[in-house]
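Report on the structure
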Amino acid sequence: MKPRNQTRVSEFILLGLSEEANLQPLLFGLFLSMYLITFSGNLLIILTIITASHLHTPMYFFIFSLSFTDICFTSTTVPKMLMNIQTQNKVITYEDCITQLNFFILFAALDHFLLTVMAYDRFVAICHPLHYTVIMNPKFCGLLLLASLLLSALESLLHSLMVLRVSFCTELEISHFFCELNQVLQLACSDTFLNNLILYFVTGFLGIIPLTGILFSYTKIVSSILRISSADDKSKAFSTCGSHLSVISLFYGTSLGVYLSSAAFPNSRAPAIASVMYTVVTPMLNPFIYSLRNKDIKQGIRKLFS
């Protein structure tokens, strides 16, 4: 018997990562620990950059923005998951689901754009060092951040409005721990061709442009570094990009893993398990990457606690 169409639903059921009762305490403890580490680690980076005057530069302004975005990004999904496990209630209301979906897309897209802007910042610093302070002035940095935020907001708003036009069936179980766009569209009874078309076009367009910008920037950076004669200067130039390259590799690598797992196992929990890497693990590791590989950040942290 086919599920009946339903033009308006009141709630969805988030199945989470596992339905086994004996695993729920373990999942709760694991994700609570990762969330607290993510929140406190990124907050520490933010406070360090605010209090240390030597970190008031364009590069650290964007690291500050990335840390704030990572806190918001993780906070859109993990607290709800923890509450569902603790209360043993997997229900999320229709309004909350759309809100969560909107903010998740917003902060995921903002992460992409910030990583692109940071690649451009390193490109200017290494390839045009004499003009760096002129090009990356505070006004221009603010405009780059504002443009990234506006593009991210437009993308999230577009997807959210497109979901609102969809009618759903009576089968409202989402095989995920949050309202992920693809999973929500799979529950639709109405035609989702336009939704999928916009999803692939917008994601492809706004994904390819930032990635192209990153690849272009680092092609120029590597070319400039290889022309440096001094080994010490080469090492110093590479070290300024090392943290950023690590974060880019982690973010895009885990995102690609989610895409491939979704394509290979569309109706399983594999995409949900894979998405943990970029929704929770990546934001948790970012503060460690920037603090362990960066002498200025470590010096700022010591001053903060002294």
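Above this text sits the structure in question.
A brief structural summary. Small disclaimer: the values here were computed from a predicted structure and weren't measured.

The next point concerns the overall build of the chain. If you tally the helices and strands in the chain, you get eleven helices and five strands. Taking 306 residues into account, the globule formula puts the C-alpha radius of gyration at 19 Å, and the chain, at 21 Å, falls close to it. Projecting the C-alpha coordinates of the chain onto the three principal axes gives extents of approximately 75 × 40 × 35 Å. Burial status across the chain gives 48% buried among its 306 residues. Within the chain, contacts between residues at least 6 apart in sequence are counted, and of these 78% link residues at least 24 apart. By element, 68% of the accessible surface of the chain is carried by carbon and sulfur atoms, the whole surface being about 15600 Å². Separation of charge centres in the chain, based on 18 positive and 16 negative side chains, amounts to 10 Å.

At their nearest, the axes of helix 1 (residues 24–51) and helix 2 (residues 58–75) sit 9 Å apart, and the two run at 155° to each other. One element, helix 1, and the other, helix 2, form an angle in the roughly antiparallel class. In this structure, helix 1 crosses over helix 2, and the sense of that crossing is left-handed. Contacts between helix 1 and helix 2 involve Tyr35, Thr38, Phe39, Asn42, Leu43, Ile45, Ile46, Ile49 and Ile50 from the former and Tyr60, Ile63, Phe64, Ser67, Phe68, Asp70, Ile71, Thr74 and Ser75 from the latter. Across the contact of helix 1 with helix 2, the residue classes tally to twelve nonpolar, five polar and one charged.

The full count for this structure, using the stated rule, is three cavities of 30 Å³ or more. Taken as a whole, the largest cavity spans an internal volume of roughly 40 Å³. Put simply, the parts of the chain that give the lining of the largest cavity at least two residues each are helix 2, helix 4 (94–127), helix 9 (231–264) and helix 10 (270–292). Ranked by residue count, the leading element in the lining of the largest cavity is helix 10, at four residues.

With that settled, consider the layout of surface pockets. Each pocket or cavity is described by its volume, and for the second largest pocket that value is around 380 Å³. Along its surface, the second largest pocket is lined by 16 residues, and Tyr60, Ser239, Thr240, Arg293 and Asn294 are the ones closest to its centre. The element best represented in the lining of the second largest pocket is helix 9, accounting for five residues. Per-class residue counts for the lining of the second largest pocket are five nonpolar, five polar and six charged.

Once that is clear, we can look at the pattern of salt bridges. A complete count under the given rule lists two salt bridges for this structure. Here arginine 122 ties to aspartate 121 by a salt bridge, and the two come within 2.9 Å at their closest N and O atoms. Of the two residues, arginine 122 and aspartate 121, neither departs from the other in class, the shared state being buried.

Criteria and cut-off values
- Residues numbered from 1 in each chain as written.
- Predicted model: local features only at pLDDT ≥ 70, side-chain atom pairs only at ≥ 80, totals over all residues.
- Heavy atoms only, no water.
- Helix = DSSP H or I, 4+ residues; strand = E, 2+ residues; numbered from the N terminus.
- Rg over C-alpha atoms; globule rule 2.2 N^0.38 Å.
- Buried < 20%, exposed > 50% of the residue type's maximum accessible area, 1.4 Å probe, protein only.
- Contact = heavy atoms within 4.5 Å.
- Areas by Shrake-Rupley, 256 points an atom, 1.4 Å probe, with all protein chains shown as cover.
- Lys, Arg positive; Asp, Glu negative; His and termini not counted.
- Charge placed at Lys NZ, Arg CZ, Asp CG, Glu CD.
- Axes fitted to C-alpha atoms, helices over the stretch in contact; angles between N-to-C directions.
- Parallel < 35°, antiparallel > 145°, perpendicular 65-115°, else oblique.
- Left-handed = near helix turned anticlockwise from the far one by under 90°.
- Nonpolar A, V, L, I, M, F, W, Y, C, P; charged D, E, K, R; others polar.
- 1 Å grid on protein atoms, 1.4 Å probe; cavity = no way out; pocket = protein on both sides within 12 Å on 5 of 7 lines; lining within 4 Å.
- Points joined across faces, edges and corners; volume = space filled by probe spheres on them.
- Salt bridge = Lys/Arg side-chain N within 4 Å of Asp/Glu carboxyl O.

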